[in-house]
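In case you want the letters, here they are:
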Amino acid sequence: QVQLVESGGGLVQAGGSLRLSCSASGRTFSSYAMGWFRQAPGKEREFVAVITGGGGRLYYTDYADSVKGRFTISRDNAKNTVYLRMNSLKPEDTAVYYCAADLVRGTKASEYAYWGQGTHVTVSS
């Protein structure tokens, strides 16, 4: 069982930056692939970024095309935390951002067993 708690959301102007954090419970955090998803009002939840688990020094990451070059996912296994650094934010990045965990890396929400409660990000123009 993994429990996830996101933080770091807020209101930011277009072009600004935010760093989201997702703290996880459990002793096996390093084994889990961690994903970030977002859901805007009236839209389906969509993939943002993923980082593999395994506890090694090298991790595989993947990003949605809409955030490549602007967002960076990283993890600190000693702190049981995954981060999403968001730069050059745009109004279309406004959404509730969720972190998710599963033992297998994926880009679909249905592939993740554990979810946080979400954190709101609003980007004003």
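One can find the structure itself at the top, above this paragraph.
These remarks concern the structure in this document. Since we're looking at a predicted model, the values are computed, not measured.

It is worth spelling out the nonpolar core at this point. What tends to happen in soluble globular proteins is that the nonpolar side chains get buried as a cluster. Counting residues in hydrophobic clusters, the biggest one holds 35 residues, and the most contacted among them are Met-34, Trp-36, Leu-84, Met-86 and Tyr-97. Of all the elements in the fold, those that place two or more residues in this core are strand S3 (18-24), strand S4 (33-39), strand S5 (46-51), strand S7 (71-76), strand S8 (81-86), strand S9 (95-102) and strand S11 (119-124). Sequence-distant contacts of Tyr-97, that is, excluding residues within four places in its chain, are made with Glu-6, Leu-20, Trp-36, Phe-37, Arg-38, Val-48, Phe-71, Leu-84, Met-86, Gly-118, Thr-119 and Val-121.

Attention now goes to the sheet that holds S8. In spatial order, the strands read S1-S3-S8-S7; together these four strands make up an open sheet with antiparallel pairing. At either end of the open sheet lies a strand with only one pairing partner, and these are strand S1 (4-7) and S7. Shown here is a sheet whose adjacent strand axes are inclined to one another by a mean of 15 degrees, direction ignored. Relative to S8, S7 runs antiparallel, the two sharing six bridges. Along S8, the bridge assignment pairs Thr-72 with Arg-85.

We now examine the side chain of Asp-102. Checked against the element boundaries, Asp-102 lands in strand S9. Buried within the structure, Asp-102 lacks any salt-bridge partner; Arg-105 is the closest side chain of opposite charge, at an N-O distance of 11 Å.

A separate point is the pattern of salt bridges. Inspection of every chain in the model, using the stated rule, returns four salt bridges. Measuring nitrogen to oxygen at the nearest pair gives 2.6 Å for the salt bridge that ties Arg-38 to Glu-46. Of the residues examined, Arg-38 reaches a relative accessible area of 5% and is grouped as buried. Residues Arg-70 and Asp-93 are paired through a salt bridge, measuring 2.8 Å at the closest nitrogen-oxygen approach.

For the rest of this paragraph, the subject is the side chain of Arg-38. Counting through the fold element by element, Arg-38 comes out in strand S4. In this structure the side chain of Arg-38 is engaged in a polar contact, spanning 2.9 Å, whose partner is the side chain of Asp-93. Ignoring sequence-local partners within four residues, the contact set of Arg-38 consists of Glu-44, Arg-45, Glu-46, Val-48, Ser-66, Val-67, Phe-71, Glu-92, Asp-93, Ala-95, Val-96 and Tyr-97.

About the thresholds
Residues numbered from 1 in each chain as written. Predicted model: local features only at pLDDT ≥ 70, side-chain atom pairs only at ≥ 80, totals over all residues. Heavy atoms only, no water. Core = buried A, V, L, I, M, F, W, Y, C linked by side-chain atoms within 4.5 Å. Buried < 20%, exposed > 50% of the residue type's maximum accessible area, 1.4 Å probe, protein only. Helix = DSSP H or I, 4+ residues; strand = E, 2+ residues; numbered from the N terminus. Contact = heavy atoms within 4.5 Å. Pairing = 2+ DSSP bridges. Axes fitted to C-alpha atoms, helices over the stretch in contact; angles between N-to-C directions. Lys, Arg positive; Asp, Glu negative; His and termini not counted. Salt bridge = Lys/Arg side-chain N within 4 Å of Asp/Glu carboxyl O. Polar contact = N/O pair within 3.5 Å; in protein donor to acceptor, adjacent residues only side chain to side chain.

In short, the description is geometric, and any link to function would need to be established separately.
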